[in-house]
Amino acid sequence: MSNQTETLDALGLLCPLPVLKARKRLKSMPAGAVLKVLADDPAAVIDVPHFCMESGHRLLSQEESDGHQVYTIQKSV
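About the criteria used
Residues numbered from 1 in each chain as written. Predicted model: local features only at pLDDT ≥ 70, side-chain atom pairs only at ≥ 80, totals over all residues. Heavy atoms only, no water. Salt bridge = Lys/Arg side-chain N within 4 Å of Asp/Glu carboxyl O. Helix = DSSP H or I, 4+ residues; strand = E, 2+ residues; numbered from the N terminus. Buried < 20%, exposed > 50% of the residue type's maximum accessible area, 1.4 Å probe, protein only. Axes fitted to C-alpha atoms, helices over the stretch in contact; angles between N-to-C directions. Left-handed = near helix turned anticlockwise from the far one by under 90°. Contact = heavy atoms within 4.5 Å. Nonpolar A, V, L, I, M, F, W, Y, C, P; charged D, E, K, R; others polar.

Engineer: Looking at this model, I keep getting lost on the pattern of salt bridges. Mind explaining?
Structural biologist: Side-chain pairing between opposite charges can occur once the charged atoms of the two side chains come close. Under the definition given, this model contains one salt bridge. One salt bridge in this structure joins Glu-6 and Arg-25, with 3.1 Å as the shortest N-O distance. With Glu-6 in strand β1 (residues 5-10) and Arg-25 in helix α1 (residues 17-27), this pair connects stretches of sequence that are 19 residues apart. Its relative accessible area of 26% is what places Arg-25 among the partly exposed residues.

Engineer: Just to check I follow, could you spell out the packing of α1 against helix α2 (residues 44-55) for this structure?
Structural biologist: When two helices pack together, their arrangement is captured by the angle between the axes and the distance separating the axes. The contact between α1 and α2 brings their axes to 10 Å, and the two run at 35°. Crossing geometry of α1 relative to α2 is assigned as right-handed. When α1 is examined against α2, the residues Val-19, Arg-23 and Leu-26 are found in contact with a partner set consisting of Asp-47, Val-48 and Phe-51. Split by residue class, the contact of α1 with α2 holds four nonpolar, no polar and two charged.

Right, dumping it as structure tokens:
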């Protein structure tokens, strides 16, 4: 397991771009690595948790910060 953490700035992007960019970034990361996704698309509240559930990645947290959402995703093994 890796404790590598990266941040994906998806602010200003509309559905489905935040999820598509998160999927692409996670593919290049080692299993166990953590990706923080910053998004302000209202649909991301539904899309990101659904993406994690469908793809097997673990949604560690979902919170509001400075007018946008921050999702912390751990890549599945």
